Amino acid sequence: MSDRTNSSLLFKGLRSITVARLLSTAVGIASFWILARTLRAFYYSLRWPVSICPDAALHWVEGLRLLNGTWPYRDVLTLNLPLTYYINVLGLLVFGRDSFSFRILDLSWVVGVAVLSSLYLLRFTRLGALVAFVLVLRLPVEATPLGAFERETLMLPFWLGAVLCLDRAMDVPKKRWLWLGLAGLLGGASALIKPTGLVFLALGGLYYVFFAIYRASAPKKIPATLVAGLWTSSGFVLAVVLLLLPLLMAGALTGFLNGWWPYFQVWSELEPHRPFMSLLVELVSYRLRDLTLPLNGPVYELGSIGHLSWLHLIALPLFLHALYLEKERAAAGCLVLAIGGLFHYLINGKGYAYHVFPLWFAFQLILAYTLGVYVRWAVDSSAVRSRRVYATCLALGLIAVLIHMDLRSYDLYSGSNYLSDGPLAEPESQRVVGEAVQRYGLTGARLQTLEPDLVTVAATLTYDLQLVGNPMDQMYWCDSEFCRDQRRLLIDRLDQEPPEIIVIAGAPPDSSRMQNLAAFRELNEVLRSEYALFAEAGRSPHYVFVRSDLSGTRPSRLPW
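What comes next is a walk through the structure. As the structure is a computational prediction, the values presented were derived from the model and not from experiment. Residue positions are counted from 1 within each chain, in the order its sequence is given. For this predicted model, a pLDDT threshold of at least 70 governs which residues receive local features, and a threshold of 80 or more governs which side-chain atom pairs are given and counted, while totals over whole chains, interfaces and linings are taken from all residues. Note that water and hydrogens are dropped before the side-chain values are worked out from all heavy atoms of the structure.

## Some words on the overall build of the protein chain
Note the cut-off: Elements are defined by DSSP. Helices are runs of H or I of four residues or more, strands are runs of E of two residues or more, and each kind is numbered from the N terminus. Under the scheme applied here, a residue whose accessible area is under 20% of the maximum for its type counts as buried, over 50% as exposed, and between as partly exposed, the area being computed with a 1.4 Å probe on protein chains only. Throughout, a residue-residue contact means that at least one pair of heavy atoms, one from each residue, lies within 4.5 Å. The protein chains shown are the only cover counted for residues, whose accessible areas, like all others here, come from Shrake-Rupley with a 1.4 Å probe.
When helices and strands are tallied, the protein chain shows 22 helices and five strands. Projected onto its principal axes, the C-alpha positions of the protein chain cover 105 × 60 × 45 Å. With 560 residues in all, the protein chain has 55% of them scored as buried. Of the contacts made within the protein chain by residues no fewer than 6 positions apart, 74% connect residues no fewer than 24 positions apart. As displayed, the protein chain offers around 24600 Å² of accessible surface, 63% of which is attributable to carbon and sulfur atoms.

## Focus on the packing of aromatic side chains
Here is the rule: Pairing of aromatic side chains here covers Phe, Tyr and the six-membered ring of Trp, requires ring centres within 6.5 Å, and sorts the geometry by plane angle: under 30 degrees stacked, over 60 edge-to-face, intermediate tilted. Think of it as a cone above the ring: NZ of Lys or CZ of Arg counts as a charge over the ring if it is within 6 Å of the ring centre and within 35 degrees of the ring normal.
In total, this model carries 23 aromatic pairs according to the counting rule given. With 6.3 Å between their ring centres and 20 degrees between their planes, Trp 48 and Tyr 413 make a pair best called stacked. You can see Trp 48 sitting in the loop between helix H1 (3-45) and helix H2 (54-67) and its partner Tyr 413 sitting in the loop between helix H16 (385-411) and helix H17 (428-440), a full 365 residues away along the chain. For Trp 48, a relative accessible area of 5% puts it in the buried group. According to the relative accessible area criterion, Tyr 413 is buried, its value standing at 4%. A connected cluster of aromatic rings, assembled from ring pairs, spans Trp 48, Tyr 410, Tyr 413 and Tyr 418. Stacked on the ring of Tyr 410, the Lys or Arg Arg 37 has its end atom at 4.2 Å from the ring centre. Directly above the aromatic system of Phe 520 lies the positively charged group of Arg 487, at a separation of 4.3 Å from the ring centroid.

## Some thoughts on the sheet that holds strand E1 (residues 446-450)
To be explicit about the condition: Strand pairing is defined by DSSP finding a minimum of two bridges between the two strands.
Taken together, the five strands give an open sheet; going across it, the order is E2-E1-E3-E5-E4, and neighbouring strands pair in mixed fashion. Pairing within the sheet leaves two strands with one partner each, and these edge strands are strand E2 (466-467) and strand E4 (531-537). Relative to E2, E1 is paired through two bridges, and the arrangement is parallel. Note that in E2 the partner of Leu 447 across the bridge is Leu 467.

## Examining the nonpolar core
Worth spelling out the cut-off: Each nonpolar core is a collection of buried residues, namely Ala, Val, Leu, Ile, Met, Phe, Trp, Tyr and Cys, held together in the definition by side-chain atoms within 4.5 Å.
Counting residues in hydrophobic clusters, the biggest one holds 166 residues, and the most contacted among them are Tyr 120, Leu 121, Leu 365 and Tyr 369. For this core, the element with the most residues is helix H15 (residues 357-378), which contributes 17 residues. With residues near it in sequence (within four places) discarded, Tyr 369 still touches Leu 121, Phe 124, Thr 125, Phe 319, Ala 322, Leu 323, Glu 326, Arg 329, Ala 330 and Ala 331. Grouped together as the second largest cluster of nonpolar side chains are 17 residues, Val 433, Ala 459, Ile 501 and Phe 534 included.

## Thoughts on the pattern of salt bridges
Rule in force here: We count a salt bridge whenever a side-chain nitrogen from Lys or Arg sits within 4 Å of a carboxyl oxygen from Asp or Glu.
Evaluated as defined, the whole model comprises 23 salt bridges. Linking Arg 446 and Glu 500 is a salt bridge whose minimum nitrogen-to-oxygen distance equals 3.4 Å. You can see Arg 446 sitting in strand E1 and its partner Glu 500 sitting in the loop between helix H19 (481-496) and strand E3 (501-505), a full 54 residues away along the chain. With relative accessibility at 14%, the residue Glu 500 sits in the buried group. Note that Glu 525 is salt-bridged to Arg 521, the shortest N-O span being 3.3 Å. In this pair, Glu 525 and Arg 521 are both assigned in helix H21 (residues 521-530), four residues apart and thus about one turn of the helix distant. Three or more residues are tied together by salt bridges with common partners; here these are Arg 446, Glu 497, Glu 500, Arg 547 and Asp 549.

## Notes on the pairing of E1
The buried fraction of E1 is high, at four of five residues. With four bridges connecting them, E1 and E3 associate as parallel partners. Bridge pairing in E3 places Leu 447 opposite Ile 501.

## Describing unusual backbone geometry
Positive phi outside glycine occurs at Tyr 73, with the angle close to 75 degrees. Take Tyr 73: it is sitting in the loop between H2 and helix H3 (82-95). Judged by its relative accessible area of 5%, Tyr 73 falls in the buried class. Phi is positive for Asp 464, close to 55 degrees, though the residue is something other than glycine.

## Observations concerning the side chain of Thr 78
Stated formally: In protein, a polar contact means a hydrogen-donor-capable atom and an acceptor-capable atom, both N or O and within 3.5 Å, with residues adjacent in sequence counting only if both atoms are side-chain atoms; elsewhere, any N or O pair within 3.5 Å suffices.
Positionally, Thr 78 belongs in the loop between H2 and H3. Of the polar contacts made by the side chain of Thr 78, one reaches the backbone nitrogen of Asn 80; its length is 3.2 Å. Side chain to side chain, Thr 78 and Tyr 85 meet in a polar contact 2.5 Å long. Setting aside chain neighbours within four positions, we find Thr 78 in contact with Pro 72, Tyr 73, Tyr 85, Trp 260, Tyr 263 and Asn 470.

## Examining the packing of helix H13 (residues 310-326) against H15
The following threshold applies: Axis lines are fitted to C-alpha atoms, over the contacting stretch for helices. Their N-to-C directions set the angle, which ranges from 0 to 180 degrees. Each angle receives one of four descriptions, namely roughly parallel if under 35 degrees, roughly antiparallel if over 145, roughly perpendicular if within 65 to 115, and oblique otherwise. Crossings are classed by handedness, with left-handed meaning an anticlockwise turn of the near helix from the far one by less than a right angle and right-handed meaning a clockwise turn. Residues are grouped as follows: Ala, Val, Leu, Ile, Met, Phe, Trp, Tyr, Cys and Pro are nonpolar; Asp, Glu, Lys and Arg are charged; all remaining types, including Gly, are polar.
Axis separation between H13 and H15 bottoms out at 9 Å; the angle between their running directions is 55 degrees. Between H13 and H15, the angle falls in the class oblique. Considering how the two elements wind past one another, H13 and H15 form a crossing that is left-handed. Taken together, the residues of H15 that come into contact with H13 (itself represented by Leu 311, His 312, Ala 315, Leu 316, Leu 318, Phe 319, His 321, Ala 322, Leu 323, Leu 325 and Glu 326) are Phe 363, Gln 364, Ile 366, Leu 367, Tyr 369, Thr 370, Val 373, Tyr 374, Arg 376 and Trp 377. Residues of the contact of H13 with H15, tallied by class, amount to 15 nonpolar, four polar and two charged.

Now the structure itself:
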């Protein structure tokens, strides 16, 4: 071999090593830089007020009540399904009962989801596994102000675990019954967080059928696959039965079966679903400047709705291209998660930011997998040069976009002190409740809230109050027999054990909600005779009432 040939081979080898090192170094630095910033946000999030995620605060408080013997569906009606409360009870037992423990549970769950995401992608691409861990870990940063620990977050490990089990069932045929049974169990568990777990079971079945039968071109396996579907469905049913057993033992199952659906119907009437096409159009922001739009809105606007960005639309065809070329190393389960997340968003029908969480999660995996595959192509010395150049450019572009998205996420926190040691803003209603507690010495007092936004529920943790009754007031503002029964139960409870504090969330005077409140004669009589208005808080005011015998003030005229 000539010196010239040797030099050429050496030059090609050095160039290949340089590309490999440059790309690996770039991805590593970017990942650890984003990780360091995420961990810094984790540190500061331990002091975030519970009120920034009101739904999650409600679940935590209901978990406290369950530990104290107040069972959902038996003692208080709720829209949330049982596994939501079981998880929060487990968190209370492990981490303790204060708001700091609430944050620890939140972050621990997200870390667990990130680890599981990394394990899922590890068999396809090691680099993608690292990136997936970092990107999924950013959920608390991108989810604020609506909070990361929503029911959607609770479902994520169950859905991903089911996909992992389906993959194992295809990879290890001898143990496929074990893995299929586990997939059904995990799907059934997710359905007792939100019913969309049923949809995910169907999607998982289609995924298994396609890859186990049609990819293998083995029609003779169709009967066996139908049996496998029945077996998986049996696991699904078994999980549901096991998770309902505690309700049966506590005497709450009848209340769940008879009360949950009527309550859901009332809630659906008062919170109507939006058209599917409207939800689809608003899912992605199409402005060019929103190429790297984070999921969250400004932290001082609790009503902000999150959208996916152009980046997710761009990543999808790249991901499909990678799936097509990778063949046996194709992480097709990400598509199941994405389709399931899209159905979940549409079925919920509200367009809220947290309804996007499962779809956002699937796209984080898609981005991580795509980046890992493109880097592998870029450093593959056996590949043609045009493919390596193409893969290198796209990989570097994805890295740059991910860094910019991370930067933009933190820009939304500017001026809020959420990521610094400065004072944190507290919702005015919660602050006023705190003033009433301190002025009249009501620490540990009972609190009845009637508010759809649940902001004041967080005060039960902050000021060691006892939540009584049902905090969600949708059931009181309609004219059905179900609502009339719930009104009677509320008044009976207020008569028998009148709470020290009542907080009612207001609305504009001409709203139907305030008209219904003015027509709720029995509640108004209780407030006029036994309570004094302590304060009005907020633009759509929260009315904070304190029992007259405790405040030493005369009952005042109602403000509506």
